[in-house]
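What the coordinates show
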Amino acid sequence: MHEIVTLQFGHFANFVGAHFWNTQEAHFNYQQPGDEEETAPELVNHDCLYRIGMTSKGVETYTPRALIFDLKGGFGSINKYKLYETPSAQDRYQQQYDLSWDPSKMETFQEQEYSKSAYQKHLEDEELGLATEEGEDSVELNEIRTWSDYNRVYFHPKSMVSLTGYLMDSEFMPFDVFSYGRAAFIETEKEKDTYDENFRLFTEECDQLQGFQVMADVLDGWGGYAVSYLEQLREDYPKATVVTYGLSDDKMGKSSTMKERQTVAVNETLTMTNLSRLSSLYVPVRAPTRAMLSPQGWTKNIRFDPSNRYHTSAFISTGIDNALLPCRLRHGGVFMADMIGALNWRNVTTIGTLSTGLPFPFGGSKLPDLTGKLSPLLDLSSRKTDEDDQVFSQSVVLRGLEANQFAKYAAGTQKTPREVVDEMLYTLPIGKSLGDSKTLTSLKYPIPTSFPRFFQGLTSEGYQNTERSPPNNREDGTSKVNSVPTISRLAVSTTTRWHLQSLSDSVKKIDLRLLPQFDADVTGGVNTEEFDEAKEALLDLYDIYNE
């Protein structure tokens, strides 16, 4: 079945993951047996990411093959047992021993429940027959507090793991240091044994495991936790393909004082050097900032709020979804090991870059230029670019369009529509490897009602709106779209050197002894020797990319 197991470490990673899984669910065809209308053939193999299960009542389920890690309180209003209807531990104990309790002698301590969002309440009303799917688009989504507020997907109970000893947004004991994450892994495994009990559930049932897709926060304690987890994973799967997205944004890690900025830099250094060592390809992904907005470029058709994690995570999830799409296609796909092997053909370039365009602007008088300031592609990984930068290898995915749709751009030329597409894609820098790949698929990128309503100037199919297009705007002027064409580029290039150089400069003069939170004498601590080795690793990586 060519399975891919997904691991998500951290709150921002779960913001991204929620959008990712909502989009996968939007691909499903829920046509009932006996419906007269013929269904279109499935272009994507859902079994790569999903697994078949069974509830205690014998009802078949289809849930993501995923492990989701967050702090206590980070799961919001999700009831992980809802789909499987598992009784609570107290209920099972009472049933087993037939105990009766005297209410007058009982004292109850109950955590305040996380209130459900309006969107979640609407989804529940749909299940009860009190609301319709058509009404989802009118439900307010402006006050998203956490990723569960817009989650549409049921997960297996063992998919969700809450860390021992840490609370969300705790001022008393924040989870903001790499060494805290390593210690938390040890404590959580000691208490819950999640690797054997949860991880193995999803891996040992695989017939032909392609590899692992990892999303991890990297500027706080989650970096240490992810490193410890992948070290354990590598003991069992030393040759498995692992693609890791190292996620960061301005809300991750404090930076108001010099020591806080140094802590964040040390966190990123330790995480990046270790995850690039443990992964087949490590892709640093930074959330777009206000300085990156381009009204005539990548933000031309979206009203993007870079301070809103609900927006930034949606944009990032599009790139992550597209990046490994060739490994999930039913026809003409590629095995994950082959794709990543072609990208890292030198065997030493284990750090890549991810660029994405949402939407790909199609339908105007001319095709977009994929390079320059007006490009619809936004590089989410590189800190800066230079005209001398070179591409070692790349995989470009353009989805939601067929070659014959480019016929109008071929009119009056001697080119075929497919040649027009190739000519546009070849405006991107060409890699040094013969393994460069370009995928054009008609598989649309669906826009579920949980997605931010930030599109503008688009038709319902996500094309550029023209005077002949029927109006489909909401009252606030945003476009109501069902799907959009998108473009993404997963590459290995010398632009990575700028990130490595910047990070190396920020940590080279840091004395770890002045940052007691990394204390080497406590569980998970980092000693000076380990930190020095990480700094050396940064310089070694810089040399590899500085050609």
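Predicted model only: the values in this text are computed from it and were never measured. (Residues numbered from 1 in each chain as written. Predicted model: local features only at pLDDT ≥ 70, side-chain atom pairs only at ≥ 80, totals over all residues. Heavy atoms only, no water.)

The number of helices and strands found in the protein chain is 13 helices and 15 strands. Based on the C-alpha atoms only, the size of the protein chain along its principal axes is roughly 85 × 65 × 45 Å. Each of the 547 residues in the protein chain was classed as buried or not, and the buried ones make up 54%. Taking contacts inside the protein chain between residues at least 6 apart in sequence as the whole, the part at least 24 apart equals 80%. For the protein chain, the computed accessible surface area is about 25700 Å², with 48% contributed by carbon and sulfur atoms. (Helix = DSSP H or I, 4+ residues; strand = E, 2+ residues; numbered from the N terminus. Buried < 20%, exposed > 50% of the residue type's maximum accessible area, 1.4 Å probe, protein only. Contact = heavy atoms within 4.5 Å. Areas by Shrake-Rupley, 256 points an atom, 1.4 Å probe, with all protein chains shown as cover.)

Going through the model one piece at a time under the given rule, you end up with 38 aromatic pairs. The interplanar angle of 70° and the centroid separation of 5.0 Å between the aromatic rings of phenylalanine 28 and tyrosine 50 together place this pair among those described as edge-to-face. One end of the pair, phenylalanine 28, is in the loop between helix 1 (11-26) and strand 2 (50-54); the other, tyrosine 50, is in strand 2, with 22 residues separating them in the sequence. On the basis of relative accessible area, phenylalanine 28 is assigned to the buried category, the value being 16%. An angle of 20° between the planes, with centres 4.6 Å apart, marks the rings of tyrosine 195 and phenylalanine 199 as stacked. Within this pair, tyrosine 195 and its partner phenylalanine 199 are both found in helix 5 (residues 194-203), separated by 4 residues, close to a single helical turn. Site record: aromatic cluster; members linked through ring pairs are Phe9, Phe69, Tyr166, Phe175, Phe185, Tyr195, Phe199, Phe212, Trp222, Tyr225, Tyr229 and Tyr237. (Phe/Tyr/Trp six-rings, centres within 6.5 Å; stacked < 30°, edge-to-face > 60°.)

Bringing the packing of helix 1 against helix 8 (residues 309-323) into the picture now. The contact between helix 1 and helix 8 brings their axes to 8 Å, and the two run at 60°. Looking at the two axes, helix 1 sits oblique to helix 8. At the point where helix 1 passes helix 8, the crossing takes the right-handed sense. Contact residues: helix 1 offers His11, Phe12, Phe15, Val16, His19, Phe20, Thr23 and Gln24, while helix 8 offers Arg309, Tyr310, Thr312, Ser313, Ala314, Ile316, Ser317, Ile320 and Asp321. The class makeup of the residues in the contact of helix 1 with helix 8 is 8 nonpolar, 7 polar and 2 charged. (Axes fitted to C-alpha atoms, helices over the stretch in contact; angles between N-to-C directions. Parallel < 35°, antiparallel > 145°, perpendicular 65-115°, else oblique. Left-handed = near helix turned anticlockwise from the far one by under 90°. Nonpolar A, V, L, I, M, F, W, Y, C, P; charged D, E, K, R; others polar.)

As a further point, take the UniProt feature "domain: DML1/Misato tubulin" (unreviewed entry) in the protein chain. The residues that UniProt annotates with the feature "domain: DML1/Misato tubulin" (unreviewed entry) are residues 142-329. Here residues 142-329 runs as 41% helix and 16% strand, with 34 Å between its end C-alpha atoms. (UniProt positions renumbered as here; feature names shortened; annotations may be inferred.)

What follows concerns the pattern of salt bridges. For the coordinates displayed, the defined rule picks out 24 salt bridges. For aspartate 321, the salt bridge is made with arginine 399, and the minimal N-O distance between the two is 3.8 Å. In this pair, aspartate 321 sits in helix 8 while arginine 399 sits in strand 11 (residues 391-399), placing the two residues 78 residues apart along the sequence. With relative accessibility at 0%, the residue aspartate 321 sits in the buried group. Residue lysine 535 is joined to aspartate 532 by a salt bridge in which the shortest nitrogen-to-oxygen separation is 3.7 Å. Of this pair, lysine 535 and aspartate 532 both sit in helix 13 (residues 528-545), separated by 3 residues, roughly a single helical turn. Look at lysine 535 and you get buried, because its relative accessible area is 16%. A relative accessible area of 36% places aspartate 532 in the partly exposed class. (Salt bridge = Lys/Arg side-chain N within 4 Å of Asp/Glu carboxyl O.)

This part takes up the sheet that holds strand 1 (residues 3-9). As summarised here, the arrangement of the 6 strands in space is 5-4-1-6-7-8, forming an open sheet in which the pairing is parallel. Two strands in the sheet have a free side with no partner beyond their single neighbour: strand 5 (160-167) and strand 8 (281-286). Neighbour-to-neighbour, the strand axes of this sheet turn through a mean angle of 15°, independent of strand direction. (Pairing = 2+ DSSP bridges.)

Let us look at the sheet that holds strand 12 (residues 437-441). Taken together, 5 strands build an open sheet; the order of strands is 10-9-15-11-12 and the sheet is mixed. If you trace the sheet from one side to the other, it starts and ends with strand 10 (378-379) and strand 12, each paired once. Where strand 9 (residues 353-357) meets strand 10, 2 bridges bridge the pair, whose relative direction is antiparallel. In the strand pairing of strand 10, threonine 356 is matched with leucine 378.

Bringing the nonpolar core into the picture now. Core analysis: the largest hydrophobic core is formed by 118 residues, its most contacted members being Leu7, Phe9, Tyr229, Tyr245, Leu247 and Phe455. If sequence neighbours within four positions are ignored, tyrosine 245 has contacts with Gln213, Val214, Met215, Ala216, Val283, Val285, Ile320, Ala323, Leu324 and Leu354. In this structure, Leu367, Leu377, Leu401 and Val420 belong to the second largest nonpolar core, which totals 19 residues. (Core = buried A, V, L, I, M, F, W, Y, C linked by side-chain atoms within 4.5 Å.)

What describes two packed helices is the angle between their axes and the distance between those same axes. Contact geometry for helix 4 (residues 178-192) and helix 6 (residues 221-236): axes closest at 6 Å, N-to-C directions at 50°. Our classification of the angle between helix 4 and helix 6 gives oblique. Seen from above, helix 4 lies across helix 6 with right-handed handedness. Of the residues in helix 6, those in contact with Phe178, Gly181, Arg182, Ala184, Phe185, Thr188 and Glu189 of helix 4 are Gly221, Gly223, Gly224, Tyr225, Val227, Ser228, Tyr229 and Gln232.

This brings us to the state of the cysteines. Taken as a whole, this structure holds 0 disulfides when the rule is applied. With no disulfide of its own, cysteine 48 lies closest to cysteine 327 among cysteine sulfurs, the gap being 8.3 Å. (Disulfide = S-S within 2.5 Å.)

Taking 1.5 Å as the rise per residue, helix 13 with 18 residues should run 26 Å; its terminal C-alpha atoms sit 26 Å apart, in good agreement. Taken residue by residue, helix 13 has Phe531, Ala534, Lys535, Leu538, Leu541, Tyr542 and Tyr545 as its buried positions. Buried residues of helix 13, viewed axially, fall in a sector of 120°; they line one side. For helix 13, exposure combined with an orientation more than 90 degrees from the buried face picks out Glu529 and Asp543. (Expected span 1.5 Å × (residues − 1). Arc of directions from axis to C-beta.)

In this fold, glycine 462 is placed in the loop between strand 13 (445-446) and strand 14 (483-484). Each C-alpha atom of the pair glycine 462 and serine 483 lies 5.7 Å from the other, and the pair is 21 residues apart in sequence. Contact partners of glycine 462, with chain neighbours within four places excluded, come to Pro359, Val481, Ser483, Val484 and Pro485.

Once that is clear, we can look at the environment of serine 117. Locating serine 117 in the fold gives a position in the loop between helix 2 (89-97) and helix 3 (118-127). For the pair serine 117 and threonine 356, spaced 239 residues apart in sequence, the C-alpha separation works out to 29 Å. Beyond its immediate sequence surroundings of up to four residues, serine 117 is in contact with Arg145 and Asp149. Separated by 3.1 Å, the side chain of serine 117 and the backbone nitrogen of glutamine 120 make a polar contact. (Polar contact = N/O pair within 3.5 Å; in protein donor to acceptor, adjacent residues only side chain to side chain.)

Looking now at the side chain of serine 355. With respect to the helices and strands, the residue serine 355 is situated in strand 9. Each residue touching serine 355, except ones within four places of it in the same chain, is listed here: Leu377, Leu378, Asp379, Leu380, Ile487, Ser488 and Arg489.

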